[in-house]
Each structure stands twice: as C-alpha cells, then as structure tokens.
Amino acid sequence: MNQNPTKHTKVLIIGSGPAGYTAAVYAARAMLKPVMVAGMEPGGQLTTTTDVENYPGFAEVIQGPWLMEQMKEQAEAVGTEMIQDHISSVNLKSKPFEAIGDGGQKYSADTIIISTGAQARWLNIDSEQKFRGFGVSACATCDGFFFKDKTVAVVGGGNAAVEEAMFLTKFASKVKLIHRRDSLRAEKMLQNKLMANKKIEIVWDSVVEEVIGDENPKTVKGLRIKNVKTNKIDELKIDGLFIAIGHDPATHLFKDQLNMDKEGYLVTKADSTETNIPGVFAAGDVKDKVFRQAVTAAGMGCMAALEAEKHLSHN
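Residues numbered from 1 in each chain as written. Predicted model: local features only at pLDDT ≥ 70, side-chain atom pairs only at ≥ 80, totals over all residues. Heavy atoms only, no water.

Draft legend 1. Region of interest: helix α6 (residues 188–196). Three or more residues of α6 are buried, namely L190, Q191 and L194. Seen along its axis, α6 keeps its buried residues to an arc of 100 degrees; they face one direction. Among the exposed residues of α6, those oriented more than 90 degrees off its buried face are K188, M189, N192 and A196. Of the surrounding secondary structure, the elements contacted by the buried residues of α6 are α5 (159–168), β12 (174–178) and β13 (200–203). (Buried < 20%, exposed > 50% of the residue type's maximum accessible area, 1.4 Å probe, protein only. Helix = DSSP H or I, 4+ residues; strand = E, 2+ residues; numbered from the N terminus. Arc of directions from axis to C-beta. Contact = heavy atoms within 4.5 Å.)

Draft legend 2. A look at the packing of helix α1 (residues 18–29) against helix α7 (residues 294–314). One can describe the packing of α1 onto α7 by two numbers: an axis separation of 7 Å at closest approach and a directional angle of 35 degrees. Note on packing geometry: the crossing formed by α1 with α7 is right-handed. Mapping the contact onto sequence places P18, A19, T22, A23, Y26 and A27 in α1 and A294, A297, A298, G301, C302, A305 and L306 in α7. Partitioning the contact of α1 with α7 into residue classes produces eleven nonpolar, two polar and no charged. (Axes fitted to C-alpha atoms, helices over the stretch in contact; angles between N-to-C directions. Left-handed = near helix turned anticlockwise from the far one by under 90°. Nonpolar A, V, L, I, M, F, W, Y, C, P; charged D, E, K, R; others polar.)

Draft legend 3. Spotlight on the sheet that holds strand β15 (residues 219–227). Read from one edge of the open sheet, three strands run β14-β15-β16, paired in antiparallel fashion. The sheet is open, and its two edges are formed by β14 (206–214) and β16 (233–237), each paired on a single side. If you compare each strand with its neighbour and ignore which way they point, the axes differ by 25 degrees on average. Both β15 and β16 contribute to a ladder of five bridges, which runs antiparallel. Bridging from a neighbouring strand, R224 pairs with E235 of β16. (Pairing = 2+ DSSP bridges.)

Draft legend 4. Local environment of the side chain of H179. Relative to the helices and strands, H179 is located in the loop between β12 and α6. For H179, a relative accessible area of 3% corresponds to the buried category. Separated by 3.0 Å, the side chain of H179 and the backbone oxygen of S183 make a polar contact. The residues touching H179, leaving out its near neighbours within four places in the chain, are G156, G157, L184, R185, V203, W204, D205 and S206. (Polar contact = N/O pair within 3.5 Å; in protein donor to acceptor, adjacent residues only side chain to side chain.)

Draft legend 5. Quick peek at the environment of G64. If you trace the backbone, G64 turns up in helix α2 (residues 64–77). For G64, a relative accessible area of 0% corresponds to the buried category. Spatially, the C-alpha atoms of G64 and F171 are 21 Å apart, while their sequence positions differ by 107 residues.

Draft legend 6. Representation of α1. A rise of 1.5 Å per residue sets the reference length of α1, with its twelve residues, at 16 Å; its end C-alpha atoms lie 17 Å apart and thus fit the reference within 8%. The element α1 is largely enclosed, with a buried count of ten among its twelve residues. Where α1 is concerned, the buried positions are P18, A19, G20, Y21, T22, A23, A24, V25, A27 and A28. Where the residues of α1 are buried, they touch β1 (7–14), β2 (35–37), α2, β5 (81–83), β8 (106–114) and α7. Immediately downstream of α1, the backbone of M31 shows phi near 65 degrees, a positive value. (Expected span 1.5 Å × (residues − 1).)

So this is what it looks like as structure tokens:
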C-alpha cells in the first residue's frame, strides 16, 4: 500500500522527450516548478536513434540519447522535478486534474502537458520480433548505415515507407519495397522519385509471412512473402528488413476524456496545443502525425508551457 501523500503541482508533464523536456524548461523558467513523470521510456523515440544530423545548433553529428540526456539535465537545472514513474490513469473531469502512477502514487495538477509520444507499429509476427535489432528495424535513419552494399526490404506503402526506401538506397545496393496493395498511398512527387530510382524494386500485392534467418549469430537471410491475390508464396533473399507501416500514439490513457482523431492522435485547437479540456495541453508526436521531428516536438513543448502559464495566470 502506497502511503505517499498526493503530490500537487501547477504543471504536470506526462512523458519525456523533446516536447516534454522543452515544456519543462519553459515552465521551470516561469517559476511554475513543473513535475515531470518520465514514463517507461525516458527520452522517447530519440533514445533509439543514433545519429542526429538535423537538430538545429549542432554542426557535428550528435547522438539521440546524448541529446535527450542534455535536455533532461537542462530541465532539471532550471528547476524541474523529475519522477521515474508511469502514469496508469488520469481523471481530467476533476479540478485539479488527477493522475495515478503504476505504484499508486497520486498526483494532482492545475494544468497538464501531455507529451507521451508515439511508437512504431510492427507486423507482430513471431519471426519479426525474434530478429528485432538483428536485421529487423523500424527506423531506416537509425540503422540504414549497417546495410552498406547489402539487399534490404521495406514494408509499407505510405510516405514513411517510400522515404525510408529512398533513404536506404544511400547504403544498400538493392531495396525491395513490399506493399500489400497494387498502388502506393504516398504522395505523387515521392512516388515519382521512387519509380525513377534504379536501386528500388516494388513487390506489389504482397505481405511478409516470415522472416528467415540464422540462429547463431542472429542474422536475417531472407523473407517468405505471400501474394494476396494468388496466395503464391515466394522467398526473397535479403539482409535486412525495415517496417514502415505507421505509428501508434500513446493516448489510451486519455480515451473518452480527450478528443482524438480516428488514428488516436490528440486533437488540439488551431495554432495552439490546447485540447478540448482547458488547462490540458498536448505536444509532440502524441498530436503530430505530419512532421514527427525532434525540433517540431520541442517547438510544441515550448508552446504548451507558454499556454499553461497563461492559463494559470488567468485562472
């Protein structure tokens, strides 16, 4: 039984990552003494990203985990209280808002900034999970480098899949794009670039049935794929598999309390991070399925903190 008294804060930040940490920096500098509950994966998706070359302010290539560590230290230095906990339920109908951690710790807050992010979707077949990190990846920009002059496959048909396939041609000698339909969802300009790339071959109407590989050491050797129109099974020789079938925002906590779109992303007001509940703000990949960049997440974190401060001064 958890005997800790309820922890009250003016600003509760749920989730860490560029959005959460930046919100924390701004809220702390506004003397709001924010409390951040970091969640299961402190630092979010960037902690699984190695080389970061597109974050403004760094001429040299930096590492994702290092960048997150720096943001965390900065947020702490200006006065954020960091708590290693995972929020398991929230009540946004009460005033102040309430949240409960996995261990039973209760939090109450005058404002909440949600920066719980999103996770890559997987095919969820056993063989894929078995070779995850050993030739199966959901991030071409993280892992493409390891497939210099090798053959790789990308699964998906949207912008992300096409972008991943294009990116991988920098390293791989051959990229096979596997799509379950006979046309891509990606925007036309991207499709044209893809079709013009000699290194890319599209495998239409097909799904991955199994990832084939060696046990010791764990390495991917090929794929068993099925044509959904003919049910014919084929084997492809490949060295790496990249899954690019979308992301799932971490929003189940807020179901039936906050407005979401059909994919589960939190909906905010135009030019704002405010949700349908005044005093509750959302920043980063939890509400953004368009840009998904560290810098845009950080920008939204800043916006959320400024809006939270304004809300507190008016109420």
